[in-house]
Amino acid sequence: MQIQTLRMGPLGTNTYLVYDDQTGDGMLIDPAGKQEKIEEILRAFPGSVKYIVNTHGHADHVAGNAAAKLLTGADILIHRFDAEMLKDREDTVSRYLGVTDDLPDADILLSGGETVYVGSIRFDVLHTPGHTEGGICLFGNGVLFAGDTLFAGSIGRFDLPGGDYTALQASLLKLKQLPDDTVVYPGHGPVTTIGQEKATNRYMR
């Protein structure tokens, strides 16, 4: 498995290109930038992107959906509770980023509990509400793509519409059950591990 990271947009969103280097099948997680930025992360990729996965519906994680869809033709996946956010560009983050246009509808609505295959690599979809109602994480092959549920040393905001601290606490408890050596790729900031966060992140204690 190969993982490429590109920070995009004014909020420094981590966009990930994950692919199976045996089959060339790939998955683009949280395309956040304009078309030229999406092209940048795809330029040296010799394979085929099968899925565009949004970990939640905030504009800084979905703003590049249209460009990514145009460039790859891949299916867009988002949790069903956040699907309407692709059409609602009146939220706080959208206004801040100046994202006003509707985005493509999702092709596949998730509920949590599904399995997404990237070539031979299996990822389990974990529903982790709290930052938004439809937040998800992807867990597989020893890594967790955590969106804005968990950061190195912190957690996602819960004071925006759809946020719920009690739900976020329950989601963090779910993540605490993962192996300590699980490598966490968050929606913002540096890579960490579950063990590191259990030891140092006050929200995970």
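Residues numbered from 1 in each chain as written. Predicted model: local features only at pLDDT ≥ 70, side-chain atom pairs only at ≥ 80, totals over all residues. Heavy atoms only, no water.

Novice: Help me understand the overall build of the chain in this model?
Specialist: Secondary structure assignment for the chain yields six helices and 14 strands. On C-alpha atoms alone, the chain measures out to a radius of gyration of 16 Å, which is about the 17 Å that the 2.2 N^0.38 rule sets for 205 residues. Summarising its shape, the C-alpha atoms of the chain cover approximately 40 × 40 × 30 Å along the three principal directions. Looking at the chain as a whole, 51% of its 205 residues qualify as buried. Looking at the chain alone, contacts between residues at least 24 apart form 58% of all its contacts between residues at least 6 apart. Working note: accessible area of the chain is about 9000 Å², and carbon and sulfur atoms make up 48% of it. (Helix = DSSP H or I, 4+ residues; strand = E, 2+ residues; numbered from the N terminus. Rg over C-alpha atoms; globule rule 2.2 N^0.38 Å. Buried < 20%, exposed > 50% of the residue type's maximum accessible area, 1.4 Å probe, protein only. Contact = heavy atoms within 4.5 Å. Areas by Shrake-Rupley, 256 points an atom, 1.4 Å probe, with all protein chains shown as cover.)

Novice: Looking at this structure, how should I read the packing of aromatic side chains?
Specialist: Centre distance and the angle of the planes are the two values used to describe a pair of aromatic rings. Following the criterion strictly, the structure yields six aromatic pairs and no others. Put simply, the rings of Tyr16, Phe123, Phe145 and Tyr185 touch in pairs and so form one group of aromatic residues. (Phe/Tyr/Trp six-rings, centres within 6.5 Å; stacked < 30°, edge-to-face > 60°.)

Novice: Can you help me understand helix α1 (residues 35-42) in this one?
Specialist: Residue pairs three or four apart in sequence face the same way in an α-helix, which turns once every 3.6 residues. All buried positions along α1 are accounted for by Ile38, Ile41 and Leu42. Angularly, the buried residues of α1 cover 100° about the axis, an arc narrow enough to put them on a single face. Turning to α1, the residues buried within the fold contact β1 (2-8), β2 (13-19), β3 (25-29), β4 (48-53) and α3 (65-72). (Arc of directions from axis to C-beta.)

Novice: It is not clear to me how the packing of α1 against α3 should be interpreted in this structure. Could you clarify?
Specialist: How two helices sit against one another is set out by the angle between their axes and by the gap between those axes. Axis separation between α1 and α3 bottoms out at 9 Å; the angle between their running directions is 50°. Taken together, the axes of α1 and α3 are oblique relative to one another. Handedness of the crossing formed by α1 with α3: right-handed. For the pair α1 and α3, contact is made by Gln35, Ile38, Glu39 and Leu42 and by Ala67, Ala68, Leu70, Leu71 and Thr72, respectively. Among the residues forming the contact of α1 with α3, the class breakdown is six nonpolar, two polar and one charged. (Axes fitted to C-alpha atoms, helices over the stretch in contact; angles between N-to-C directions. Parallel < 35°, antiparallel > 145°, perpendicular 65-115°, else oblique. Left-handed = near helix turned anticlockwise from the far one by under 90°. Nonpolar A, V, L, I, M, F, W, Y, C, P; charged D, E, K, R; others polar.)

Novice: Where do I start with unusual backbone geometry in this structure?
Specialist: The general pattern is negative phi for most residues beyond glycine and trans for most peptide bonds. For Asp30, which is not a glycine, the phi torsion comes out positive at approximately 55°. Position of Asp30 relative to the elements: it lies in the loop between β3 and α1. With relative accessibility at 2%, the residue Asp30 sits in the buried group.

Novice: I'm lost on empty space enclosed by the protein in this one. Help?
Specialist: If a probe the size of a water molecule is rolled over the atoms, the empty space left behind becomes visible. Applying the stated criterion across every chain, the model contains one cavity of 30 Å³ or more. One number sums up the size of the largest cavity: a volume of about 40 Å³. Considering the residues around the largest cavity, the lining is formed by Thr55, His56, Thr128, His131, Thr132, Gly135, Ile136, Asp148 and Thr149. Its residues assigned to classes, the lining of the largest cavity shows one nonpolar, seven polar and one charged. (1 Å grid on protein atoms, 1.4 Å probe; cavity = no way out; pocket = protein on both sides within 12 Å on 5 of 7 lines; lining within 4 Å. Points joined across faces, edges and corners; volume = space filled by probe spheres on them.)

Novice: Which parts of the structure should I look at to understand the side chain of Asp82?
Specialist: When you line up the elements, Asp82 lands in the loop between β5 (75-79) and α4 (92-97). What makes Asp82 buried here is its relative accessible area of 1%. At 2.7 Å, the side chain of Asp82 and the side chain of Thr132 are in polar contact. For Asp82, the contacting residues outside a window of four places in its chain are His56, Gly57, Thr132, Glu133, Gly134 and Gly135. (Polar contact = N/O pair within 3.5 Å; in protein donor to acceptor, adjacent residues only side chain to side chain.)

Novice: Would you explain the sheet that holds β1 in this entry?
Specialist: Where strands meet in a sheet, backbone hydrogen bonds hold them as pairs that are either parallel or antiparallel. Ordered in space as β1-β2-β3-β4-β5-β6, the six strands form an open sheet in which the pairing is mixed. A single partner strand is all that each edge strand has here, and the edge strands are β1 and β6 (108-110). Along the sheet, successive strands turn relative to each other by an average axial angle of 20°, direction set aside. Sheet topology places β3 next to β4; five bridges connect them, and they run parallel. In the sheet register, Asp25 faces β4, and the bridge partner there is Ser48. (Pairing = 2+ DSSP bridges.)

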